[in-house]
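Chain by chain, the residues:
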Amino acid sequence: MALALAACAAWGQGIASRGVKPQAKPKASGMPWHAKFTNVAQQAGLTQVLHYGGTEKSDYVLETSSGGVAIFDYDNDGWMDIFLVVGSKVENPPPDAVSRLYRNLGGLKFEDVTRKAGLWREPGWAQGAAIGDYNNDGCMDLFVTYWGDNALYRNNCDGTFTDVAEKAGLLPSPRPRVPRWGAGATFVDLDRDGFLDLYVSNYIDFDLNNTPKPGENPNCNWKGVPVSCGPRGLKTARHWLYRNRGDGTFEDISVRAGIAKYDKSFGMSAVAFDVDDDGWQDIYNACDSTPSLLFRNNGDLTFTEEGIERGIALNDDGMEQAGMGLGIGDVNLDGKLDIFKTHFADDTHVLYVNDGKGMFRDITLKAGVGVETRRVGWGTGIYDFDHDGLPDTFIGTGCVYPETEAALPAYPYKTRPMLFRNLGDARFEWLEQEAGPAMLEKHSVRGAAFGDLDNDGDIDIVLWNRNEAPSLLRNDLKTDGRNWVLLRLEGTKSNRGAFGARVVLEYGGKRQAKAVLSQASFYSANDPRVHFGLGEATRARATVYWPSGVAEVFELEPVNREAVLKEGAGRAVGRTAAGQSLP
Amino acid sequence: MLGVALILISLAVPQPDLLGDGQRAFARGDLDRAEALFREHVKRFPGSAEGWSNLAAVHARRGQYAEAVPLYERALKANPKLMPVHFNLAVSLGQLKRYADAAAHLRVFLKSYPNEARARQLLGLCLMESGDPRGALEELEKSYRLNPNDGSILYALAYAHARGGDENQAAAYLAKTESNPVQAKLIEGLLLYRRGMWAEAKEVFSEVVRRKPDFQPAVAALGRLELLERNDAAAIPLLERAVSLNPQDAESAYQLGVLYDRNGDSESGKKMLKRALALRAGYGDPHYQLGRIYQREGKLDQALAELEKARALLPEQEAVRMALGRVYQAMGRTAEAKAEFEEVRRLKARVVERDRLRVESDSLMKEGPENP
């Protein structure tokens, strides 16, 4: 501890880091890897530059972090579409700085339908995206956070959207003196009434006109180089919880739910799932340079913050980290959802395993994912990219500051993404060129979203590259006899999109959990269909723990297809209740 | 750095012939004669604190500090109120590099003689050597205020500021000193380190060690820098050498303990951490590290004992409260765990708020007073 203090005394900085070195990279396993990624964004038509702040330098923290990507099927044509947030510039924003919706035409071809879909909005500081069918009409809606007014884009089920944020009661009234900084957000049914409520984290109480300039105080430098200030030294913000009344409007219950009082954190990505298997949805909010928050659902629309108690607020040394992105999956195949959280440079990303009762253990070093610490991690996901039945981990990376590279060449602005293959027993191996040419491309990535964009059964990736066009990493997986399933969940008593549902799949002697998430990764929304690689297994059994509290079993045979699991159509096996876990 | 200042004690004389003659012999440098007279005196009057103290002084003058120490202790046993004996004993202890023990006696002495500049300086140096630069700084600055004409203290002050205080102050003190290349280089290295210029600091420390391989403060500084840069393989031999050159350096012992543990040798780590605790009273960090090791080993009772000691010494350290909370939690002591975790939340929030207030106050300072 005194060592850490001594290190900190040498210089301050705005973003938490531990100053750690990477763990030694173990000897390569030599096992073949079948999933090769190729960036096909250009030919796919994803060409819009994702404007965000200065290209050479950033004077404000506002310019540095954004990156929402959403993969969802907005027009119910069976092909996953892509939404990408676009930001602004402090001075002279270009007229094309508008968030984009790309319609999937099939064959990995996309058409920009932003204007046609009614999503054209004046340039602004868009941040993240969350998906959910908040009005249960069968058409996926979209929530976009901003430094400014957040947007709730109601899907009109005719290929167009309408921003109903104000009408739905999601905008502050009266307007605050400085805009709120909406950051992470997630739809979640907190009271099991079948309607999705909404949690919105805020990053900084940020006043553009009263923020110190680079170099003005110890929080405005990194390794001695002046950079934009913050988040340390700036005002923290509070987070917001809105209950869905079921009539298209929301009620702010932040104070009475016990959320509002946690106002000493810099909130980033948010995920909602049943962390402790008690049948109620909880909210986990990665926070930058402050303890991350776990709002545990008491079952009565009140929450107890238990991040520290459950081991996911701080690192093993009790220090806060620069919590950015969140990957949720089951890395050790015990049927429980684990958490992978990405961080700043000179720190490791952290892998927490869940003991099934919502208590987490940091296994970063044991898992072998601490082998690189120069790259800042952002969007991340836990997916089985090679269909061997073991979920792997992907991280989009990129330095926060464009201007530091000249003075700090060891920390370049644009860096390669990282892929860790799961070797089994929650041990990982870092793959680079083995995973295809896209893994050697350097960008300053923020958001990342995962999904099957060409419906070939494997997981592709969309990366949000700051001030560049996005990347579309097509997964060219040679299946080699390996199988997969893609599960589209449909709630009947639960919210229609089944957000928050946990699926435990049994296949080939293995057991793996996944969840339907409204937001994950960094400020992004993944394909809501649940994907599993099966190895050589040709059949599987899915137990779905619906957000309504009911558990149901579905037999899956044949595999290698997309299956629709409708609540009530399977074989009911029980009902979850507070404090009980189903088998 | 330790300057020896022997103070002979003139006290009431129970046996004038022997004691008085002995003191006169000592004054003219006839140490053998003085020793013989003092020995005869204590043989006749074994309860004479003055006799034991004077005999000890003879050994100290000869540089026989190991012999002097028990004699001074016997004098204090005979009369604990003889404050000057504490000072003389501290000098001998300092020569034996028993800095923590020396500091304890100096503190007793300074209660009665708070304006004794040499004692403050000596205490500062002992604290520095036992790895408490902030405490050292406090004492050295008091000493300098008491005796601003004492040039020898300037290096000590510059060194202490560079280690634990303010680099600008250190540079200012350094500028006042006369040239002493090795000392000055060491301090220059510390200043570079404090300014975040680790590569440059490393170069300077390495140069000092090349020029004077047994200069312990430079070896320790280089080891610490390697440790902070996570170059454990380089840090370990340097800190091992630092501990061997100055076995009383509690800070190097602590850091070596951390290094041994994090490189898979927990048993050696624990030994070194315990050694640091034996060398320096009230040292919270080794208690914390020991607690973490015991916690990891599943020895919860021992972990709890160490972490509770760490909490008593470092109540505002979130890491200590966090580790303690986890141990309580593992022991099923839920209420105590909850209290610790709440304290972690409070302390973390306070850090965030303090950062914000500092930035706000910086901004206000820049704006200056409003024009009428």
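This structure is a prediction, so every number in the text was calculated from the model and none was measured.

1. Overview of the overall build of chain A
Part 1: Secondary structure assignment for chain A yields three helices and 40 strands.
Part 2: Classification of the 583 residues of chain A by burial places 66% in the buried group.
Part 3: Partitioning the contacts of chain A with sequence separation of at least 6, the portion at a separation of at least 24 is 63%.
Part 4: Summed over its atoms, the accessible surface of chain A is roughly 18,200 Å², and 49% of this surface lies on carbon and sulfur atoms.
Part 5: Side chains of chain A give 62 positive and 79 negative charges; the mean places of these two sets differ by 2 Å.

2. Side note on the overall build of chain B
Part 1: Helix and strand content of chain B: 20 helices and zero strands.
Part 2: Oriented by its inertia axes, the alpha-carbon framework of chain B measures out at about 70 × 60 × 55 Å.
Part 3: Split into buried and exposed, the 372 residues of chain B put 54% on the buried side.
Part 4: With an accessible surface of roughly 16,700 Å², chain B has 51% of that area assigned to carbon and sulfur atoms.

3. Quick look at the state of the cysteines
Residue and element names in this part refer to chain A.
Part 1: Here the structure, examined in full by the defined rule, presents two disulfides over all chains.
Part 2: Covalent S-S linkage joins Cys139 and Cys157, the inter-sulfur distance amounting to 2.1 Å. When the S-S torsion is 125 degrees, as for the bridge of Cys139 with Cys157, the disulfide is right-handed. Of the two residues, Cys139 sits in the loop between β6 (125–132) and β7 (141–147) while Cys157 sits in the loop between β8 (151–155) and β9 (161–163), which places them 18 residues apart along the sequence.
Part 3: The disulfide that involves Cys220 links it to Cys229, with 2.0 Å between the sulfurs. Its torsion about the S-S bond being 110 degrees, the disulfide of Cys220 and Cys229 is classed as right-handed.
Part 4: Of the residues examined, Cys229 reaches a relative accessible area of 2% and is grouped as buried.
Part 5: Sequence-ordered numbering of the bonded cysteines in chain A yields a pairing of 1-2, 3-4.
Part 6: Here Cys399 stays free of any disulfide, with the sulfur of Cys229 as its closest cysteine sulfur at 16 Å.

4. What to know about the side chain of B:Arg326
Part 1: Of note, B:Arg326 is situated in helix α19 (residues 318–330).
Part 2: Excluding residues that lie within four positions of it along the chain, B:Arg326 makes contacts with A:Asn315, A:Asp316, B:Gln295 and B:Phe341.

5. Details of the interface of chain B and chain A
Part 1: Listed by partner, the interface residues are 41 residues for chain B and 40 residues for chain A.
Part 2: Contact between chain B and chain A buries roughly 3,200 Å² in total, counting both sides, with carbon and sulfur atoms accounting for 58%.
Part 3: Contact with chain A buries area across many residues of chain B, yet B:Arg345, B:Lys348 and B:Val352 alone supply 18% of it, more than any other trio.
Part 4: On the surface where chain B and chain A come into contact, there are four salt bridges.
Part 5: Residue B:Arg345 is joined to A:Glu309 by a salt bridge in which the shortest nitrogen-to-oxygen separation is 2.6 Å.
Part 6: For the pair chain B and chain A, the number of links is five residue pairs in polar contact (both at pLDDT 80 or more).
Part 7: Elements represented by at least two residues in the side of chain B that touches chain A include exactly α11 (181–194), α13 (216–228), α15 (250–262), α17 (284–296), α19 and α20 (334–367) of chain B.
Part 8: Looking at the side of chain B that touches chain A, the element that brings in the most residues is α20(B), giving 16 residues.

6. Regarding unusual backbone geometry
All names here are of chain A.
Part 1: Between Ser173 and the following residue, Pro174, the backbone shows a cis peptide bond with an omega angle of 0 degrees.
Part 2: Tracing the backbone shows Pro174 in the loop between β9 and β10 (182–188).
Part 3: Backbone geometry places Asn92, a non-glycine residue, at a positive phi of 50 degrees.
Part 4: In this fold, Asn92 is placed in the loop between β3 (81–84) and β4 (100–106).
Part 5: Residue Asn92 is classed as exposed on the basis of its relative accessible area of 70%.
Part 6: The phi dihedral of Leu333 is positive, around 50 degrees, even though this residue is not glycine.
Part 7: The residue Leu333 is located in the loop between β22 (326–329) and β23 (338–341) in this model.
Part 8: Of the residues examined, Leu333 reaches a relative accessible area of 19% and is grouped as buried.

7. Quick notes on the confidence of the model for chain B
Part 1: For chain B, per-residue confidence averages 85 on the pLDDT scale, and 90% of positions sit at 70 or higher.
Part 2: The model gives residues 368–372 of chain B a pLDDT under 50, and that stretch makes zero contacts with residues more than four places away or in other chains.

8. Points about helix α10 (residues 167–176) of chain B
Residues and elements named next belong to chain B.
Part 1: Glu167, Ala170, Tyr173 and Leu174 are the residues of α10 that are buried. In an axial view of α10, the angular spread of the buried residues amounts to 120 degrees, which keeps them on one side of the axis. Away from its buried face, by an angle of more than 90 degrees, α10 presents the exposed residues Asn168 and Ala175.

9. Description of the packing of aromatic side chains
Residues and elements named next belong to chain A.
Part 1: Counting across every chain of the model gives 29 aromatic pairs over all chains.
Part 2: For the ring pair Tyr262 and Phe295, a centre distance of 5.7 Å and an interplane angle of 65 degrees mean the geometry is edge-to-face. Pair noted here: Tyr262 is in the loop between β17 (250–252) and β18 (267–273) and Phe295 is in strand β20 (residues 293–297), with a separation of 33 residues, a long-range link. Each member of the pair, Tyr262 together with Phe295, is buried.

10. Quick word on the nonpolar core
General note: in soluble globular proteins, nonpolar side chains tend to be found buried as a group.
Part 1: Formed by 114 residues in total, the largest nonpolar core has its most connected members in A:Phe72, A:Phe83, A:Leu152, A:Leu487, A:Leu489 and A:Leu505.
Part 2: Ranked by size, the runner-up nonpolar core spans 81 residues in total, among them B:Leu93, B:Leu127, B:Val182 and B:Leu186.

11. A closer look at the pairing of strand β29 (residues 427–431) of chain A
Residue and element names in this part refer to chain A.
Part 1: Among the five residues that make up β29, four are buried, leaving the element largely enclosed by the rest of the structure.
Part 2: As judged from the five bridges shared by strand β28 (residues 418–424) and β29, these two strands associate in the antiparallel manner. Looking at β29, one finds that Arg421 is bridged to Glu429.
Part 3: Taken together, β28 and the strand that follows it, β29, pair antiparallel across an intervening segment of two residues, in which Asp425 is found at a positive phi of about 60 degrees.

12. What about the pattern of salt bridges?
Part 1: The tally for this structure, following the rule as stated, stands at 60 salt bridges over all chains.
Part 2: For B:Arg296, the salt bridge goes to B:Asp261, with nearest N and O atoms at 2.5 Å. Here B:Asp261 lies in helix α15 and B:Arg296 lies in helix α17, a separation of 35 residues in the sequence.
Part 3: Among the residues examined, B:Arg296 registers a relative accessible area of 51% and is labelled exposed.
Part 4: Residue classification places B:Asp261 among the buried positions, given a relative accessible area of 12%.
Part 5: The residue B:Glu340 makes a salt bridge to B:Arg321 at a minimum N-O spacing of 2.6 Å. Of this pair, B:Glu340 sits in helix α20 while B:Arg321 sits in helix α19; the two residues are 19 residues apart in sequence, bridging distant segments of the chain.
Part 6: According to the relative accessible area criterion, B:Arg321 is buried, its value standing at 12%.
Part 7: Each of A:Asp276, A:Asp278, A:Arg296, A:Glu306 and A:Arg310 takes part in salt bridges that share partners, so that together they form one network.

Quick notes on the rules
- Residues numbered from 1 in each chain as written.
- Chains lettered and ligands numbered in written order.
- Predicted model: local features only at pLDDT ≥ 70, side-chain atom pairs only at ≥ 80, totals over all residues.
- Heavy atoms only, no water.
- Helix = DSSP H or I, 4+ residues; strand = E, 2+ residues; numbered from the N terminus.
- Buried < 20%, exposed > 50% of the residue type's maximum accessible area, 1.4 Å probe, protein only.
- Contact = heavy atoms within 4.5 Å.
- Areas by Shrake-Rupley, 256 points an atom, 1.4 Å probe, with all protein chains shown as cover.
- Lys, Arg positive; Asp, Glu negative; His and termini not counted.
- Charge placed at Lys NZ, Arg CZ, Asp CG, Glu CD.
- Disulfide = S-S within 2.5 Å.
- Buried area = accessible area lost by both parts, 1.4 Å probe.
- Salt bridge = Lys/Arg side-chain N within 4 Å of Asp/Glu carboxyl O.
- Polar contact = N/O pair within 3.5 Å; in protein donor to acceptor, adjacent residues only side chain to side chain.
- pLDDT = per-residue confidence, 0-100.
- Arc of directions from axis to C-beta.
- Phe/Tyr/Trp six-rings, centres within 6.5 Å; stacked < 30°, edge-to-face > 60°.
- Core = buried A, V, L, I, M, F, W, Y, C linked by side-chain atoms within 4.5 Å.
- Pairing = 2+ DSSP bridges.

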